[in-house]
Structure formats: structure tokens, C-alpha cells
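Here is how the chains run, residue by residue.
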Amino acid sequence: MLRSDHILATVEMIQKENLDVRAVTMGINLLDCRGGVVSETCRRVEEKIGTAAARFVETCNKVSQKYGIPVVNKRISVTPIAFVGAGFDRQGFVELALALDRAATAAGVDILGGFSAQVEKGMTATDREYIASIPEALARTTKLCASINIASSQKGINMDALALIGQTVKDLAEITREQNGFGAAKFVVFCNQPGDNPFMAGAIHGLEEADLVLNVGVSGPGVIARALDRLISARGRENLGLDDIAEEIKQTTFRVTRCGELIGRKVSEEMGIEFGVVDLSLAPTPTVGDSVGEILEILGVDVVGAPGSTAILAMLNDAVKKGGIFASKAVGGLSGAFIPVMEDEVLAAAVGSGALCLEKLEAMTCVCSVGLDMIPIPGSVDADTISAIIADEMALGMINNKTTAVRLIPIPGKEAGDLVSFGGLFGASPIMPVRNVGKSSRFIAWGGRIPAPIHSFKN
Amino acid sequence: MGKQMVMSVMSKDRPGIVADITGVIYKLQGDLADLNQSVLCDYFTMILIATFEDSVTPEDVVAAFSHIPSETRLEVVVKEMKIPMEIAKAKRSPETYILTAQGKNKSGLVHRISLFCYQHGINILDLATTLSGDQYTMILQLDFSAVESVDDIRSSLTSCAEEAGLSVVLQHEDIFKATSEITLF
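Reference entry: report on the structure contained in this document. These figures come from a predicted structure and were not determined experimentally.

All right, on to the overall build of chain A then. Scanning chain A for helices and strands turns up 15 helices and 13 strands. Relative to the compact-globule value of 23 Å for 459 residues, chain A shows a C-alpha radius of gyration of 21 Å, a close match. Dimensions along the principal axes, computed over C-alpha positions, put chain A at roughly 65 × 50 × 50 Å. In chain A, buried positions account for 62% of the 459 residues. Expressed as a percentage of contacts within chain A between residues at least 6 apart in sequence, the contacts between residues at least 24 apart total 79%. Of the roughly 16600 Å² of accessible surface on chain A, a fraction of 52% belongs to carbon and sulfur atoms. Charge separation in chain A, taken as the distance between the mean sites of 43 positive and 53 negative side-chain charges, equals 3 Å.

Shown next as C-alpha cells:
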């Protein structure tokens, strides 16, 4: 029998705190779509996605209506496309990108991820053609997201690929100059990229996955923030310790995750597709009150970036994982707190006031998912500096056996402090200053690999 | 198979009352099935189902209850069940929704919501309300098996509740199970 107080706690969560399921992402294996020529492959890709996802959006809407919980985004992730298009040239990959975009539009999904490659140890000729195709592929499509894994704890960092990626990010921004370099917001660079992450831009359907799988991304920084507000006002700040706060976060995360799991399982049941994982990440949106930065401020720093921010984030990230892992049969993906600058209005404001700098963000990414995410930087920053920032972040992931990622957006023609806005879920922020620009070229010029780290003698 | 009876008991609350009631049933060699009891402001009420031998009549049961001492006389109603319990239970709908309605207290709120349910073919399975200060809270478990469109109910419910000054949330029972129970699937 359900108890009244439990019912009312859940009602608060749904009614006042905008509980939603951030993303239901359908993973589709495309390895069997390779045809003799590019056009044949494109046709098969569109056909497979069309068949697999025919009832996907409709089913998500149906389940969402039944349970009264919105599913904000319906997404598709596919096998990293460099494997699907093995042997294709740059133009072939652009054609594949266009086919994926058409398939995503036909299926009615919001976004499609998996225009990706895995080059953490070495690059094939195909991988190089794929990388060369990224700027045009993303400029000519609307729903497509790209990602590349260039480092792992097992293989080290591929510095040849890294050097190319710095330039790719610049080219992406330049080719989409009229949209303030928005192309770069659809491309993310990974260390230890998971194959079952439902969040964009880094969602892929990993090679280790089954033919079709359904992953769910639950979020809810707003729910956590309101729960903490309520706890503090009910019991008084002076009567609480940080362990009480951690416990509240854990319990709230449990409830949020359960809702996501329920929706995901019902959708997969209706569609007859295997249910994969729940990714229980705190992913902020630009909506007021849906911010990870706000949680940090509630927990005691007057502004994000002040000393203490990293420690608070570490506790938050860990409490989220603990609550979520008990709530779900299978947890995967990224699972932690995100700190994407443009998508979080409190973080963006901290950048604007100068409280939050790139170096502090980098430190914070050591203790949370995912990395330097959605950060607008001056368009004048050179490719080698971008590569070197990425290298630092990859090193954090490699050494600490965690996923890290970088999504920097060099805004063409704009400088630090200028405001940039992409609208919708992509948000807005003042441009973050980058210090020591142009001082890392000799490092990037080496190329080769940073060898895989030792996995014992850890101190 | 025996004779299934449903019994309702109401009295002033005191320690030992459940032991007394179940003791009567035990003495009559009755086999207790489902039971639900509640205490509201010092008044005790219980509804229970038990199976007796064919020779036991509802009047026998009422007579046995009358010997139980109580500050106020025990109000007892006993009926023989027409439909066996298993069949009645099987009718329970998988489409159970939970409706919560909260607002400033005034008379007629429960009537308004229950009338709405009746007019839309919704059966109320369970209802609990509390008054705290001037804030009135209702929690209803509703059988939606005869409802065609949950969306239509939602929108007409919202306008009905607005007129009554209530804020309502209507959610499938599964959501509450998911957030409040450890075992889900």
C-alpha cells in the first residue's frame, strides 16, 4: 500500500520541480549496412533506421502521456560511422552524413549521434578521410552530432589525431561562421568514450552493443536543488551537516532515476527492444532553476569557481551515482554531474563575472562527468592551443580511468566577454577568456602517442 | 468452501480492540482474509473479510461481537459476500491512477471531486483526506479501466479543479510504486 507522505513527496517532485526524462535514445547497429558503393550504403542506412525507429517517437509520446512525465528529447545513436563507411573517402562520408540526417528527419527524432570514429591508438586512411569530412558534414546537416574518441586509459592519447582535431574544431566554427560557429557545438572529443551514453553530442551505439537497444538519460538538477532548498528550510542550516545533504541528494536521485527507468522500460517493452541502461546524469538546461551551478551555490559557495567548488562537485557527483545505482537495474553511459557552461545559466553568469576560469573548470572536471563542455572561446585562439587544451583534458581522463570530453566553440570574430547565444537547449554565455594562447605549438608538433599509463603503483 | 462474510466495525479506540475482534472470529472458527483498519481522531474503524463454516450466520457473528466491551457500543455490520473474494479481487484494474488535490479548505471539495469521478466513469478505490491548518489534501486511488483518454480527463479535471480552487496532480500508480518501493519489476 502506498503511503500518503510518499505520494505527496512524489507529487512535489513532479508538479513543482519539473521532473522529466531528458532523453530516450535508441541505439541502432549499422554495421550490416555497408554496400558496394556509397549510394547503396546510404540507402541501406536510411532503410534500416526507418524500419527500426518507425514507431519510436510515437511510442515515447504514448508512454509519456500515460505517465504524465515529459520525454524532452527522442534521439537515435548509431554505430561509429567510420566503421560503417570503411574505405570511403571524404565525400563518401559527407554523403553518409546527409543520409543520416534524412533518416533522423524521417523518424521524427530531435537529434542523431554517431558520426564518429575511435582512433585512440592509431588512425586508418578511412579515419583520416572521416576527420576531413567533419566540418562539411556538420555544416550541411541539422540533426547530426559527431564525436571522436582519441584517448583511453588502456591505449594512451593519439597525438597525431589530436593535432588534426584542433584544426577540425577551428574549421567547424569557421564554416558555420554565420551561426556564430555553432558547428563546433555538435562535435565532442573523448577520452574513454562509453558506447551506451544517451546524451548528445557524444552518443554512439558502441561496437559491443546488440543490434537495437534503448538507453535513457534522466536528469533533474532542478529537482535536486529544490529538494535541498526544502531540506534546509525545514531543518535549518545550523542543524545539518554535509552528510545529511549527501543523503538527501542520494534519495532524490533514487526517485528521479526510478521514473526514468520506468519510462524507459515501458517504451522498450512496447517496442520489443532490449532495454540498455539508465544514464543518471545531472544535465542542466538553460531554463532558470535547472542548473548544476545553482546546486553548488546552495551548498555553500557564493559563486561557482570560488575555492570549495571542486569539493562540493565531488560530493554531488558521488551522491548522484550512489542514489542512481541502487535505483536502476543497469546504470551506464556517463552517470554524473555535467558542467556545460552555455547550457547552465549559473555557470555562464560565473564566466561573465570572471569568477569561473578555464583552469578551475578543468579542475572541476576531475571529479565529475564529463569535461570541458560547451565553452565558447575567442575565435582568435589558434588550433594548436585548442589541441593542447584538449590534450590536458584527455590526460585527466586517461590517468583517472574516467570519461572526459571537450566541446570548445571558437566563436569567429568575437573576443572574450562578448555574449554568444545559440538558443534552445544549447543556451548562451559570455565568451570565456583563454590564457597563454599560442604557447603550446612545440608540444602539439611532436605528434605520435602519449603511451598508456601504468595501471599499478597508484599514488 | 464455507461462507465468506464482510464485516465493518466502528467504535471509540482503545488498546486491545483488534485482539478482541479477531478473538471473536477465531472462536467462531472463522478464517481471516483481508483486513483494513484505521483510527481517525480516536475513533476506530475496521473492515474485514473472513470465511466461516456454512452453519454460521451473520446474526451469529453480530451477537458474538456484542460481548466485546467498549466505551461506546461497537457498531457492527456483517454481510454475506455474494461474489467470492478471489473473483472480486481479480477485477482490480491495472489502470490505477492516483489523484492528489490540495487547496484551501471549504465545504464541498470532496463532493466536487467525487462527483467528477462519477460523471467520467471513474471508480474510487481508495480515498484519504487530511486537514492541516486551512489546507485540505485529498489522495484518491482511481480505477481508470473505463476511461478512454487520460488526456481528456486531465484537461477537464484541471478546469474542474481550478473552479474549486484546488491544485491537482493525476499520475499513474506505477510512478509512485517506482519512487517509493524498492522492488519495481
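Moving on, there is more to tell.
The next point concerns the packing of aromatic side chains. Counted by the stated rule, this structure contains eight aromatic pairs over all chains. Aromatic rings pair up to connect F88, F93, F115 and Y130 of chain A into one cluster. In this structure, K12 of chain B packs its charged tip against the face of Y43 of chain B, placed 5.7 Å from the ring centre.

It is worth spelling out the nonpolar core at this point. The biggest cluster of nonpolar side chains holds 139 residues, and the ones touching the most others in it are F115 and Y130 of chain A. The contacts of Y130 of chain A, once residues within four sequence positions are left out, are I81, A82, F93, F115, S116, A117, A146, S147 and I148 of chain A. Listed in part, the 23 residues of the second largest apolar core include C117, Y136, I153 and L166 of chain B.

Another aspect to go through is the interface of chain A and chain B. Often the size quoted for an interface is simply the accessible area lost on bringing the parts together. Listed by partner, the interface residues are 26 residues for chain A and 29 residues for chain B. The interface formed by chain A and chain B holds one salt bridge in total. With a closest N to O distance of 3.6 Å, K66 of chain A and E95 of chain B form a salt bridge. Along the contact surface separating chain A from chain B lie five residue pairs in polar contact (both at pLDDT 80 or more). Residue assignment for the side of chain A that touches chain B shows that the elements contributing at least two residues are helix 1 (4–15), helix 3 (56–67) and helix 9 (242–271) of chain A. When residues of the side of chain A that touches chain B are assigned to their parent elements, the largest contribution, nine residues, is made by helix 1 of chain A. Per-class residue counts for the side of chain A that touches chain B are 13 nonpolar, six polar and seven charged.

All names here are of chain A. Here M200 and A201 are connected by a cis peptide whose omega angle stands at 10°. Turning to its location among the elements, A201 is positioned in the loop between strand 6 (187–191) and strand 7 (212–218). Of note in the backbone geometry, N180 takes a positive phi value of approximately 60° without being a glycine. On the accessibility criterion, N180 (22% relative accessible area) is partly exposed. The phi dihedral of M374 is positive, around 55°, even though this residue is not glycine. Its place among the elements puts M374 in strand 9 (residues 371–378). M374 gets classed as buried once you look at its relative accessible area, which sits at 0%.

Let's shift gears to the side chain of T96 of chain B. Residue position: T96 of chain B is located in strand 5 (residues 96–104). Setting aside chain neighbours within four positions, we find T96 of chain B in contact with L125, Q141, L142, H172 and E173 of chain B.

All names here are of chain B. Spatially, 6-7-5-8 is the arrangement adopted by the four strands of the open sheet, whose pairing is antiparallel. The sheet is open, and its two borders are formed by strand 6 (123–132) and strand 8 (166–172), each paired with just one other strand. Each strand axis lies, on average, 15° off the axis of its neighbour in the sheet, ignoring direction. In this sheet, strand 7 (residues 135–143) lies alongside strand 5 in antiparallel orientation, the contact comprising nine bridges. Residue pairing in the sheet places Q102 in a bridge with T137 of strand 7. Helix 4 (residues 109–119) rests against strand 5, strand 6, strand 7 and strand 8 of the sheet, and its axis sits at about 20° to strand 7.

On to helix 12 (residues 345–352) of chain A, then. All names here are of chain A. Among the residues of helix 12, V346, L347, A348, A350 and V351 are the ones counted as buried. Contact partners of the buried residues in helix 12: helix 10 (292–298) and strand 12 (428–430). Residue D344 occupies the N-cap position of helix 12, its side-chain oxygen lying 3.1 Å from the main-chain nitrogen of V346. G354 occupies a position one or two residues after helix 12 and carries a positive phi of about 85°.

Further remarks concern helix 6 (residues 125–139) of chain A. All names here are of chain A. In helix 6, a bend of some 45° at S133 exceeds every other bend along the element, and P135, a proline, comes one to four places later. Residues of helix 6 that are buried: T126, D127, Y130, I131, S133, I134, P135, E136, A137 and L138. Looking at the buried residues of helix 6, the elements they touch are helix 4 (81–84), helix 5 (90–107), strand 3 (111–118), strand 4 (144–152), helix 7 (159–175) and strand 6.

This part is about the pairing of strand 8 of chain B. All names here are of chain B. Of all seven residues in strand 8, six are buried; the element is thus mostly enclosed. Summarising the sheet, strand 5 and strand 8 pair through seven bridges and their orientation is antiparallel. Note on strand 8: the bridge partner recorded for A101 is V168.

Residues and elements named next belong to chain A. Between helix 8 (residues 221–235) and helix 9, whose axes approach to 10 Å, the crossing angle comes to 135°. The orientation of helix 8 with respect to helix 9, classified from their angle, is oblique. Crossing geometry of helix 8 relative to helix 9 is assigned as right-handed. Residue-level inspection shows V223, I224, A227, L228, L231, I232 and R235 of helix 8 in contact with helix 9, the latter providing D244, I245, E248, I249, T252, T253 and V256.

Moving on, we get to the packing of helix 9 of chain A against helix 6 (residues 173–180) of chain B. Helices that pack against each other are described as a pair by the angle of their axes relative to one another and the distance between those axes. At a minimum axis distance of 8 Å, the contact between helix 9 of chain A and helix 6 of chain B shows a crossing angle of 135°. Taken together, helix 9 of chain A and helix 6 of chain B sit at an angle that is classed as oblique. By crossing handedness, the relation of helix 9 of chain A to helix 6 of chain B is classed as right-handed. In contact with F254, R255, R258, C259, L262 and K266 of chain A of helix 9 of chain A, helix 6 of chain B contributes D174, I175, A178 and T179 of chain B. Considered class by class, the residues forming the contact of helix 9 of chain A with helix 6 of chain B number five nonpolar, one polar and four charged.

Residues and elements named next belong to chain B. Across the sheet, four strands lie side by side as 2-3-1-4; this open sheet has antiparallel pairing. Each edge of the open sheet is held by one strand with a lone partner, namely strand 2 (31–40) and strand 4 (75–80). On average, each strand axis in the sheet is inclined to that of its neighbour by 10°, with strand direction left out of account. Sheet topology note: the strand 2/strand 3 (residues 43–52) ladder contains eight bridges and is antiparallel. Bridge pairing in strand 3 places L40 opposite Y43. With respect to the sheet, helix 1 (residues 17–27) is in contact with strand 1 (3–12), strand 2 and strand 3, its orientation differing from that of strand 3 by roughly 20°. Of the strands in this sheet, strand 1, strand 3 and strand 4 are in contact with helix 2 (residues 58–65), which crosses strand 4 at around 160°.

Thresholds applied
- Residues numbered from 1 in each chain as written.
- Chains lettered and ligands numbered in written order.
- Predicted model: local features only at pLDDT ≥ 70, side-chain atom pairs only at ≥ 80, totals over all residues.
- Heavy atoms only, no water.
- Helix = DSSP H or I, 4+ residues; strand = E, 2+ residues; numbered from the N terminus.
- Rg over C-alpha atoms; globule rule 2.2 N^0.38 Å.
- Buried < 20%, exposed > 50% of the residue type's maximum accessible area, 1.4 Å probe, protein only.
- Contact = heavy atoms within 4.5 Å.
- Areas by Shrake-Rupley, 256 points an atom, 1.4 Å probe, with all protein chains shown as cover.
- Lys, Arg positive; Asp, Glu negative; His and termini not counted.
- Charge placed at Lys NZ, Arg CZ, Asp CG, Glu CD.
- Phe/Tyr/Trp six-rings, centres within 6.5 Å; stacked < 30°, edge-to-face > 60°.
- Lys NZ or Arg CZ within 6 Å of the ring centre and 35° of its normal.
- Core = buried A, V, L, I, M, F, W, Y, C linked by side-chain atoms within 4.5 Å.
- Salt bridge = Lys/Arg side-chain N within 4 Å of Asp/Glu carboxyl O.
- Polar contact = N/O pair within 3.5 Å; in protein donor to acceptor, adjacent residues only side chain to side chain.
- Nonpolar A, V, L, I, M, F, W, Y, C, P; charged D, E, K, R; others polar.
- Pairing = 2+ DSSP bridges.
- Axes fitted to C-alpha atoms, helices over the stretch in contact; angles between N-to-C directions.
- Bend = angle between axes of the 7 residues up to and from the residue.
- Parallel < 35°, antiparallel > 145°, perpendicular 65-115°, else oblique.
- Left-handed = near helix turned anticlockwise from the far one by under 90°.

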